[in-house]
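Survey of secondary and tertiary structure
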Amino acid sequence: MAMRIINEKYINSLLAKEKAPSEKSALAVIRKALRRKGLSLEEAAVLINAKGIEKKLFDAAARVKKEIYGERVVFFAPLYASDYCVNDCKYCSFHVSNKLFTRKQLTMQDLRRQINILINMGHKRTLLEFGEHPVKCNIDYVIDVINTIYSVKNPKGNIRRINVNIAPTTVKNYRRLKKANIGTYQLFQETYHRPTYKKLHKGLKRNYNRQITAHIKAFKAGIDDFGIGVLFGLYDWRFEVLSLVSHAQYLDKNLGVGPHTISVPRFRPAPTVNYRPEYPVSDKDFLKIIAILRLSVPYTGMILSTRETPAIRRAAFKIGISQASAASVTSVGGYGIKRKEKQFRISDERPLGEVIMSLLDDNMLPSFCTACYRLGRTGHDFMDMAKPGAIQNFCRPNGLMTFAEYLEDFAVGSVYRKGYKVIKHYLNQIKDKSVRNKTKERLLRIKQGIRDLYF
Ligand code: SAM
Ligand code: SF4
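Described in the following lines is the structure provided in the data block. Here the structure is a predicted model, which is why all the values come from computation and not from measurement. (Residues numbered from 1 in each chain as written. Chains lettered and ligands numbered in written order. Predicted model: local features only at pLDDT ≥ 70, side-chain atom pairs only at ≥ 80, totals over all residues. Heavy atoms only, no water.)

Quick notes on the site of ligand 1
Not every one of the 18 residues close to ligand 1 is listed here, only the nearest: Tyr91, Glu190, Lys205, Arg268 and Arg307. Between ligand 1 and Glu190 there is a distance of 2.5 Å, counted from an oxygen atom to a side-chain nitrogen or oxygen. Its free accessible area being 570 Å², ligand 1 has 96% of it covered by the protein chains. Here the residues of the shell around ligand 1 sort into 9 nonpolar, 3 polar and 6 charged. (Near = heavy atom within 4 Å. Polar contact = N/O pair within 3.5 Å; in protein donor to acceptor, adjacent residues only side chain to side chain. Areas by Shrake-Rupley, 256 points an atom, 1.4 Å probe, with all protein chains shown as cover. Nonpolar A, V, L, I, M, F, W, Y, C, P; charged D, E, K, R; others polar.)

Observations regarding the nonpolar core
Residues Phe75 and Val264 are the most contacted members of the largest nonpolar core, which totals 107 residues. Element by element, the count of residues in this core is highest for helix H12 (residues 237–255), at 10 residues. Leaving out residues up to four positions away in the same chain, Phe75 has contacts with His123, Arg125, Ala324, Ala326, Leu352, Val355, Ile356, Leu359, Pro366, Ser367 and Phe368. Counting residues in hydrophobic clusters, the runner-up holds 54 residues, among them Ala81, Ile149, Val164 and Tyr275. (Core = buried A, V, L, I, M, F, W, Y, C linked by side-chain atoms within 4.5 Å. Buried < 20%, exposed > 50% of the residue type's maximum accessible area, 1.4 Å probe, protein only. Helix = DSSP H or I, 4+ residues; strand = E, 2+ residues; numbered from the N terminus. Contact = heavy atoms within 4.5 Å.)

Focus on helix H6 (residues 108–121)
Under the 1.5 Å per step criterion, the end-to-end length of H6 is 20 Å for 14 residues, consistent within 8% with the ideal 20 Å. Elements that come into contact with the buried residues of H6 comprise strand S1 (72–82), strand S2 (125–130), helix H7 (139–151), strand S3 (153–154), strand S4 (157–158) and helix H18 (392–410). Once H6 finishes, Gly122 follows within two positions and takes phi at roughly 120 degrees, a positive value. (Expected span 1.5 Å × (residues − 1).)

Digging into the packing of aromatic side chains
For the structure shown, the criterion picks out 13 aromatic pairs. Members of the aromatic cluster, joined through ring pairs, are Phe75, Phe368, Phe403, Tyr406 and Phe410. Positioned above the aromatic ring of Tyr84, the side-chain terminus of Lys136 is 4.9 Å from the ring centre. (Phe/Tyr/Trp six-rings, centres within 6.5 Å; stacked < 30°, edge-to-face > 60°. Lys NZ or Arg CZ within 6 Å of the ring centre and 35° of its normal.)

A word on the environment of Tyr373
Positionally, Tyr373 belongs in helix H16 (residues 371–374). Its relative accessible area of 11% is what places Tyr373 among the buried residues. Residues Tyr373 and Gly183, spaced 190 residues apart in sequence, show a C-alpha to C-alpha distance of 6.4 Å. Filtering out sequence-adjacent residues up to four positions away, Tyr373 remains in contact with Tyr150, Arg160, Arg161, Asn181, Ile182, Gly183 and Thr378.

Listed below in structure tokens is the structure:
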């Protein structure tokens, strides 16, 4: 099966065949992409190798992003629960041969403290992160963590959606995750290039096929909302981008549901890690990657983390990113307490309010929406709306309402004023009169203290 998901020979042959496409053929592909039906691998290869078309590429990606997802960027924060790990991934500081770290796993009491900090910042979504340790960090622990997070409620709110990033597991365990009400199950292939994968991984994660078939196993267990990703820098980005598209197309074709999200982490220096990427990705190529993915798999959400600088994030939000972490820490228990045991160093250390302000400066809408999965709009239902661009009819009103909650509960001064200006602007752009009026009325109720309203 793994061979059918990623056919290395075929991918390489496409990259070779389209090595120097003409500007004319690249522009034809961009025109086709504007129809928002996605691109074939061959067409994606044309964009990957095309030169001198960046401006047109970025403009098209920005347009497709706007037409499908609108102007919103949904925020979340990662939460590291346990850094015990049996694997020896060369790029990650949680690798088992790192004897310099004091390992930590959150107790339920630690966890409540961490979650309260996230809630008090304004977050409503978290992405749970775990090292792989079948004994120390087994499925019972993972389920306890999820249940505990959902149980924490304080006067500033609660976490309404938990996405999970854990190592591949059994169908039985995935069923338990589904039952615990997770949002997206995320797992990155790191690199789709088999020889590189082998070179960089030791331990249970060394099994390439186990990693690449995990989403299919999760789907069998009822998880129809999953995310894929590559750690850029490990291998040639051109190969990785085509592989991501190939993986997404395989899942869509065979499960009837494509990936809900594609993540684009780029390697960052990390304590105790001597590895240096053999294929570093420049900022210019990184933005190209985002734009090409946006055009190739237009219905998929795209996630950007604080691995990137504020300047890159600003550019990336415009051309394709629909979800972003903010005010993150990458160590276990690191919210509120500085810990040196970080998984990697981040590049955007701004507090949430500052990230929000820069989004408002670009007339974009910060969102804390968690509506879709709570209303069961996942899998086929989500795809049916995302593919034609109808998801915006929910994203915009829900974005406006959750952002108004944020403004009422956390913002002061210029963020508050500017925030409501942006809300007014996009409220007037809701085309359906009845939805516009309902949103208007709900925004008033939010001002009066009512919370958690959504469509
Ligand atoms: N242990 C699980 C796994 O390996 O699938 C959970 C993932 S880990 C906590 C989250 C992700 O961080 C990894 O999948 C990897 O892509 C990324 N990561 C690890 N080391 C990194 C580094 N030095 N720079 C940037 N991202 C890194
Ligand atoms: Fe462990 Fe995941 Fe880090 Fe690899 S990337 S060492 S599996 S935490």
